[in-house]
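If you want the building blocks of each chain, they are given just below.
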Amino acid sequence: MYGRKGCQLLKELSSSEKGHLPQFNSDLFEQVFAECSQHHLELQSLIRKMQEEGLDVQTAKNADHHGALIHHLALVRNKRCLMAYVYNRADNVRSLLWKIGHVLPKEIEEKLSHSEEVYFKKHSARLKSYMSSLQVDLTVDMVPPKDPYIKIRVLDDIGEGIVLSDDKTANFARHSIHFLKRTDAEQFISRGLMEELTG
Amino acid sequence: MASKSNTVEEEEEEELTLPTDEYEALISTTDVELLKRAWRNEKSAPEILRFESDLINRVTEQIQLMEETVEENSTDDADPLSLSLYQMDLDRTLFLLRSYLRVRIQKIEKYMFHIRKTEELWTRLSKEEKKFTRGKGYLLQFSVAPPKMCFQCKHKIMLVVVLSLFFLCCRCTDDLKKHVEENVLSRLPENYQSVLKQSVISEEDDMVPEPQLDTFVLCRSKEYLTGIQLEDGPVDDRSKLFEMEPGVLYFICYKSIKALVESGKIDLL
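Read on for an overview of the structure. Keep in mind the model is a prediction, meaning the values are calculated, not measured. (Residues numbered from 1 in each chain as written. Chains lettered and ligands numbered in written order. Predicted model: local features only at pLDDT ≥ 70, side-chain atom pairs only at ≥ 80, totals over all residues. Heavy atoms only, no water.)

## Description of a nonpolar patch on the surface
Okay, step 1: On the surface, a nonpolar cluster with roughly 480 Å² of combined accessible area is contributed by Phe216, Leu218, Leu249, Phe251 and Leu269 of chain B.
Okay, step 2: Among the elements of the structure, β1 (216-221) and β4 (249-253) of chain B are those that each provide at least two residues to the nonpolar patch. (Patch = residues over 30% accessible without salt bridge, like charges linked within 9 Å, V, L, I, M, F, W, Y side chains within 5 Å. Areas by Shrake-Rupley, 256 points an atom, 1.4 Å probe, with all protein chains shown as cover. Salt bridge = Lys/Arg side-chain N within 4 Å of Asp/Glu carboxyl O. Helix = DSSP H or I, 4+ residues; strand = E, 2+ residues; numbered from the N terminus.)

## A short note on helix α10 (residues 254-262) of chain B
Residue and element names in this part refer to chain B.
Okay, step 1: Of all the residues in α10, the buried ones are Tyr254, Ser256, Ile257, Leu260 and Val261. Considered in projection along α10, the buried side chains sweep an arc of 135° and stay on one side of the axis.
Okay, step 2: Residues of α10 that are buried sit in contact with β1, β2 (225-229), β4 and β5 (266-268).
Okay, step 3: One or two residues past the end of α10 sits Gly264, with phi positive at roughly 85°. (Buried < 20%, exposed > 50% of the residue type's maximum accessible area, 1.4 Å probe, protein only. Arc of directions from axis to C-beta. Contact = heavy atoms within 4.5 Å.)

## Quick notes on the interface of chain B and chain A
Okay, step 1: At the junction of the two partners, chain B supplies 45 residues and chain A supplies 42 residues.
Okay, step 2: Where chain B touches chain A, the interface holds 2 salt bridges.
Okay, step 3: For Glu30 of chain A, the salt bridge identified is with Arg187 of chain B, shortest N-O distance 2.5 Å.
Okay, step 4: Inspection of the chain B/chain A interface yields 8 residue pairs in polar contact (both at pLDDT 80 or more).
Okay, step 5: Secondary structure elements with two or more residues in the side of chain B that touches chain A: α5 (80-110), α6 (112-117) and α9 (156-183) of chain B.
Okay, step 6: Among the residues forming the side of chain B that touches chain A, the class breakdown is 23 nonpolar, 10 polar and 12 charged. (Polar contact = N/O pair within 3.5 Å; in protein donor to acceptor, adjacent residues only side chain to side chain. Nonpolar A, V, L, I, M, F, W, Y, C, P; charged D, E, K, R; others polar.)

## Considerations on the pattern of salt bridges
Residues and elements named next belong to chain B.
Okay, step 1: Applying the stated criterion across every chain yields a total of 15 salt bridges over all chains.
Okay, step 2: Residue Glu42 is joined to Lys107 by a salt bridge in which the shortest nitrogen-to-oxygen separation is 3.0 Å. Remark: Lys107 occurs in helix α5 and Glu42 occurs in helix α3 (residues 31-44); sequence separation between them is 65 residues. Like Glu42, the residue Lys107 is buried in the burial classification.
Okay, step 3: With a closest N to O distance of 3.6 Å, Glu182 and Lys178 form a salt bridge.

## Quick word on the packing of aromatic side chains
Okay, step 1: For the coordinates displayed, the defined rule picks out 7 aromatic pairs over all chains.
Okay, step 2: Consider the rings of Phe24 of chain A and Phe29 of chain A, whose centres lie 5.1 Å apart with planes at 65°: the pair is edge-to-face. The burial state of Phe24 of chain A is the same as that of Phe29 of chain A; both residues are buried.
Okay, step 3: Note on Trp39 of chain B and Phe95 of chain B: the rings are 5.9 Å apart at their centroids and 75° apart in plane angle, and the pair reads as edge-to-face. (Phe/Tyr/Trp six-rings, centres within 6.5 Å; stacked < 30°, edge-to-face > 60°.)

## Details of the side chain of Arg94 of chain A
Okay, step 1: Within the secondary structure layout, Arg94 of chain A lies in helix α3 (residues 63-99).
Okay, step 2: Within the structure, Arg94 of chain A has its side chain in polar contact with the side chain of Asp91 of chain A (distance 2.4 Å).
Okay, step 3: Those residues in contact with Arg94 of chain A, other than ones at most four positions away along the chain, are Tyr119 and His123 of chain A together with Glu109, Lys110, Met112 and Leu176 of chain B.

## Some details on the pairing of β1 of chain B
In summary, the side chains of a regular strand alternate between the two faces of the sheet.
Residue and element names in this part refer to chain B.
Okay, step 1: Residue alternation in β1 divides its side chains into a buried set, Val217, Cys219 and Ser221, and an unburied set, Phe216, Leu218 and Arg220.
Okay, step 2: One ladder, built from 5 bridges, connects β1 with β4; its direction is antiparallel. Bridge pairing in β4 links Arg220 to Leu249.
Okay, step 3: Pairing of β1 with β5, which is carried by 3 bridges, proceeds in the antiparallel orientation. Paired with Ser221 across the bridge in β5 is Ile266. (Pairing = 2+ DSSP bridges.)

## With respect to the sheet that holds β1 of chain B
Residues and elements named next belong to chain B.
Okay, step 1: Spatially, 3 strands are ordered β4-β1-β5 in an open sheet, and the strand pairing comes out antiparallel. The sheet terminates laterally at β4 and β5, the two strands that pair on one side only. Neighbour to neighbour, the strand axes of the sheet diverge by 45° on average, direction disregarded.
Okay, step 2: Sheet strands in contact with α3 are β1 and β5, and its direction is about 70° off that of β5. (Axes fitted to C-alpha atoms, helices over the stretch in contact; angles between N-to-C directions.)

## Some details on helix α2 (residues 26-52) of chain A
Residues spaced three or four apart along an α-helix face the same direction, because each turn holds 3.6 residues.
Residue and element names in this part refer to chain A.
Okay, step 1: Between its terminal C-alpha atoms α2 stretches 39 Å, which fits the 39 Å expected from 27 residues at 1.5 Å a residue.
Okay, step 2: For α2, every residue scored as buried is listed here: Leu28, Phe29, Val32, Phe33, Glu35, Cys36, His39, His40, Leu43, Leu46 and Met50.
Okay, step 3: Downstream of α2 by a residue or two, Gly54 has a phi angle that is positive, lying close to 80°. (Expected span 1.5 Å × (residues − 1).)

## Some thoughts on the packing of α3 of chain B against α5 of chain B
Packed helices, taken two at a time, are described by the angle their axes make and the gap between the axes.
Residues and elements named next belong to chain B.
Okay, step 1: Their axes nearest at 10 Å, the elements α3 and α5 cross at an angle of 30°. In terms of orientation, α3 lies roughly parallel with respect to α5. Two packed elements cross with a definite hand, and for α3 against α5 that hand is left-handed. Contacts between α3 and α5 involve Val32, Leu35, Lys36, Ala38, Trp39, Glu42 and Lys43 from the first element and Thr93, Phe95, Leu96, Leu97, Ser99, Tyr100, Val103, Arg104 and Lys107 from the second.
Okay, step 2: Across the contact of α3 with α5, the residue classes break down as 9 nonpolar, 2 polar and 5 charged. (Parallel < 35°, antiparallel > 145°, perpendicular 65-115°, else oblique. Left-handed = near helix turned anticlockwise from the far one by under 90°.)

## Brief notes about the packing of helix α1 (residues 4-15) of chain A against α3 of chain A
Residues and elements named next belong to chain A.
Okay, step 1: Contact geometry of α1 with α3 gives a least axis separation of 9 Å together with a crossing angle of 20°. Comparing the axis directions of α1 and α3 gives the class roughly parallel. Judged by the sense of rotation from one axis to the other, the crossing of α1 with α3 is left-handed. Residues Gly6, Cys7, Leu9, Leu10, Glu12 and Leu13 of α1 pack against Arg77, Asn78, Cys81, Leu82, Ala84, Tyr85, Asn88 and Arg89 of α3.
Okay, step 2: Of the residues belonging to the contact of α1 with α3, the class tally is 8 nonpolar, 3 polar and 3 charged.

## A short note on the environment of His39 of chain A
All names here are of chain A.
Okay, step 1: Tracing the chain through its elements places His39 in helix α2.
Okay, step 2: For the pair His39 and Leu75, spaced 36 residues apart in the sequence, the C-alpha separation amounts to 6.3 Å.
Okay, step 3: Not counting residues up to four positions away in its chain, the partners in contact with His39 are Tyr2, His71, Ala74, Leu75 and Asn78.

What follows is the structure, encoded as structure tokens:
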């Protein structure tokens with residue numbers, strides 16, 4: 001049936017967990033393109049046939065006209081599906097920037113297509129230049145602050161010599177517990193290197 | 001929360017002497033409170049609102065002032081408690097500012113094609129330009145301004161904010177356009193390659209995601225408002241005019257109160 005593959009492509013995207021990006025399905029993606037070319041060929045041949053019969057393509061309402069119309073509509077529908085797929089994935093890719101930061105972990109990077117990676121890097125550079133011109137870092141402070149300081153536990157060896165905003169250095173050995181400025185800790189928390197201790 | 005660090009204590013003292021409602025009236029006009037309102041509106045509105053450039057400008061200056069105060073006090077041995085109070089005040093204001101700018105960028109990210117192509121915007125800007133040169137200027141509903149008018153702007157920060165948002169929006173649109181062109185459009189038949197239209201026979205731009213203006217929002221009016229035309233519901237009901245009492249919460253279709261939100265008569269929650 002026409003248009004089923006495009007629909008499948010989108011269903012796959014929408015049935016995945018919210019904020020979770022599934023692998024780019026290039027196989028199905030290509031199949032939809034193949035279907036598009038097929039529609040286009042049939043559309044052209046029907047129009048050619050009408051022209052050979054000396055009919056006006058715009059006004060003649062014969063079987064060929066309606067056939068051509070169906071191919072046109074199927075093509076447009078497939079275009080919408082493909083666009084929605086790429087567009088919504090791009091949306092997800094951008095939201096990764098806000099949630100995870102400018103460096104993607106390997107397991108997520110694998111799920112992106114090559115051009116999505118390029119797009120991610122470009123967009124990340126855009127945001128960075130925007131933020132540096134404003135001199136405001138917008139990727140920290142994602143939740144309303146309750147206390148300027150929070151207690152954290154280091155989950156992974158981050159290493160020594162990390163300079164905090166008050167120009168002091170700290171040794172973040174694994175499993176050590178620190179009392180840090182929230183703005184300092186947030187970038188590590190979002191990368192999964194620290195966790196906030198509550199209560 | 002006070003807007004300026006050096007007035008924190010003064011206002012705290014005033015709290016003790018002034019009657020509560022007077023104190024609230026005083027507090028509600030501080031820039032932080034205005035920012036909070038702008039932020040709440042921006043967060044709840046489905047579309048991007050006018051950029052509060054004057055307010056952002058003032059808030060940024062105040063934040064700088066506060067940062068300096070905190071820094072000065074942290075070098076000499078000032079009372080750590082009051083220092084931490086300053087810091088908290090600063091952090092909260094910074095959060096508001098960041099979140100406000102963030103919400104706006106995310107809206108731009110979402111609807112960039114729509115924002116770029118909305119003609120009304122560009123034509124409206126030239127009208128606003130006069131206002132702007134007179135120094136009154138809050139303009140730039142979508143904060144995309146032709147760069148030429150930004151040079152007339154007195155404030156450096158405003159210039160930066162406006163220009164960079166303008167460029168951000170332009171460049172992001174170009175990036176995304178290129179991304180979809182490479183992946184989809186260039187591989188489709190010739191008549192189907194437009195980003196804005198489904199095919200060449202579409203008369204209007206029917207491929208552009210637009211903000212949904214008929215969603216429902218929670219809102220509150222500051223004054224008694226009457227004659228609001230409801231834009232949803234059965235057709236017979238639409239001729240009835242709706243009125244709003246001050247201070248009462250309403251759950252209403254955004255489209256019906258869009259103009260009132262823009263003029264600042266209604267606050268979104």
